[in-house]
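# Observations on chain architecture
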Protein chains: 2
Amino acid sequence: MLNAELSQVFTKFIAEREYICLSTINQKGEPETRAMLNLGNEKLFPDLRKFYCDGRFAAYFSTNTESDKMSQIAELKTASVYYYDEKTFEGLLFVGDIFAVTDKKTKKEFWQDGWTFFYPDGVEDPTYTLLEFVPKSYKHYDGNGNFHIGDISADKK
Amino acid sequence: MLNAELSQVFTKFIAEREYICLSTINQKGEPETRAMLNLGNEKLFPDLRKFYCDGRFAAYFSTNTESDKMSQIAELKTASVYYYDEKTFEGLLFVGDIFAVTDKKTKKEFWQDGWTFFYPDGVEDPTYTLLEFVPKSYKHYDGNGNFHIGDISADKK
């Protein structure tokens, strides 16, 4: 699949999906998956579009600093992100690395007012972590029996 | 969470969900997730209910023998299964082992007529594999900020 085609698939998923499945590997070497709010959803987070519109395939997640996934990615940053459409059975899997964003400006730009429910002290709350996932490879299933697999770095050259 | 409570959560998810996220670990040690048809869905597969009604927490999946997940679980049977409700944000993660069912009678009982689309030679088609997932531990999120984590074997004693 050409980079432009992948970009089209990704753009649709990231703009429309409400939740994304994030998978990490725990300390026992077992895969753990959980649904995460998709901060790229254009209806829910219109002010965050700029982070998703520069042709990259990154995904961002807000999470609690004390969550299990944080101790897991501290040991192993390898993760996957899975986008899926129940109606068409189309799915897009990205495998790559995930890490906490340390840049305060970016963390502030992502901050949403309602998040004081989770992080009472606001954007400076030490339990507020912003995660960035950067994919290295992908698997795409078009819902009609066709798979495409590729490396993202090589694809971008 | 008591075994009976977990059973209640599981029974609801397995009966209602159309798809389940199955995660495995690939040969590079990366987590891979894909949506799988939930054979426990009571509307779609009423004839398969008996496999889900004996108090166990097993899940079954049909898959292609030549799929990536098959070579992955041949090397590492550790997998997770994730049930999720977009409306309530409730989620149930099971971590355990997955393996191919070799018993011909069971494979035949699971077989659905429409599957000749995927496996043209029917139930005897060598590309038809029935997978059984047996969970060892769970994480439950009730959608309201409460997590429950536990071991299934210990729970059943």
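Residues numbered from 1 in each chain as written. Chains lettered and ligands numbered in written order. Predicted model: local features only at pLDDT ≥ 70, side-chain atom pairs only at ≥ 80, totals over all residues. Heavy atoms only, no water.

### Concerning the interface of chain B and chain A
Listed per partner, the contact involves 26 residues of chain B and 26 residues of chain A. Both sides of the chain B and chain A interface together cover about 2,300 Å² of buried area, and 59% of this is carbon and sulfur. By the criterion of area lost to chain A, the three top residues of chain B are B:Tyr19, B:Pro31 and B:Thr33, representing 25% of everything that side buries. Counting the contacts that link chain B with chain A gives four salt bridges. In this assembly, chain B and chain A are joined by ten residue pairs in polar contact (both at pLDDT 80 or more). Sorting the residues of the side of chain B that touches chain A by element identifies strand 1 (19–25), strand 2 (31–37), helix 2 (68–75), strand 4 (78–84) and strand 5 (91–100) of chain B as the ones contributing at least two each. (Contact = heavy atoms within 4.5 Å. Buried area = accessible area lost by both parts, 1.4 Å probe. Salt bridge = Lys/Arg side-chain N within 4 Å of Asp/Glu carboxyl O. Polar contact = N/O pair within 3.5 Å; in protein donor to acceptor, adjacent residues only side chain to side chain. Helix = DSSP H or I, 4+ residues; strand = E, 2+ residues; numbered from the N terminus.)

### Quick word on helix 2 of chain B
Restricting attention to buried positions, one finds in helix 2 of chain B the residues B:Lys69, B:Met70, B:Gln72 and B:Ile73. For helix 2 of chain B, the buried positions fall inside an angular range of 160° around the axis, keeping them on one side. Turned more than 90 degrees from where helix 2 of chain B packs its buried face, B:Ala74 and B:Glu75 sit exposed. Close packing links the buried residues of helix 2 of chain B with strand 6 (128–141) of chain A together with strand 1, strand 2, strand 3 (59–64), strand 5 and strand 6 (128–141) of chain B. (Buried < 20%, exposed > 50% of the residue type's maximum accessible area, 1.4 Å probe, protein only. Arc of directions from axis to C-beta.)

### A short note on the state of the cysteines
Tallied over the full model, the rule gives zero disulfides over all chains. With no disulfide of its own, A:Cys21 lies closest to B:Cys21 among cysteine sulfurs, the gap being 3.8 Å. Classification of A:Cys21 by relative accessible area gives buried; the value is 11%. (Disulfide = S-S within 2.5 Å.)

### Overview of the relation of the copies chain B and chain A
Mapping chain B onto chain A calls for a screw motion: a turn of 180° about the axis and a shift of 0.0 Å along it, with 0.0 Å RMSD after fitting. Taken together, the rotation angle and the small translation identify this as a two-fold axis. Residues of chain B ranked by C-alpha distance from the rotation axis are headed by B:Pro31, positioned 3.0 Å from it. Looking at the interface residues of chain B, 100% of them are also at the interface in chain A, so both copies use one shared face. (Least-squares fit on C-alpha atoms with pLDDT ≥ 70 in both.)

All quantities given are derived from atomic positions and should not be read as evidence of function.
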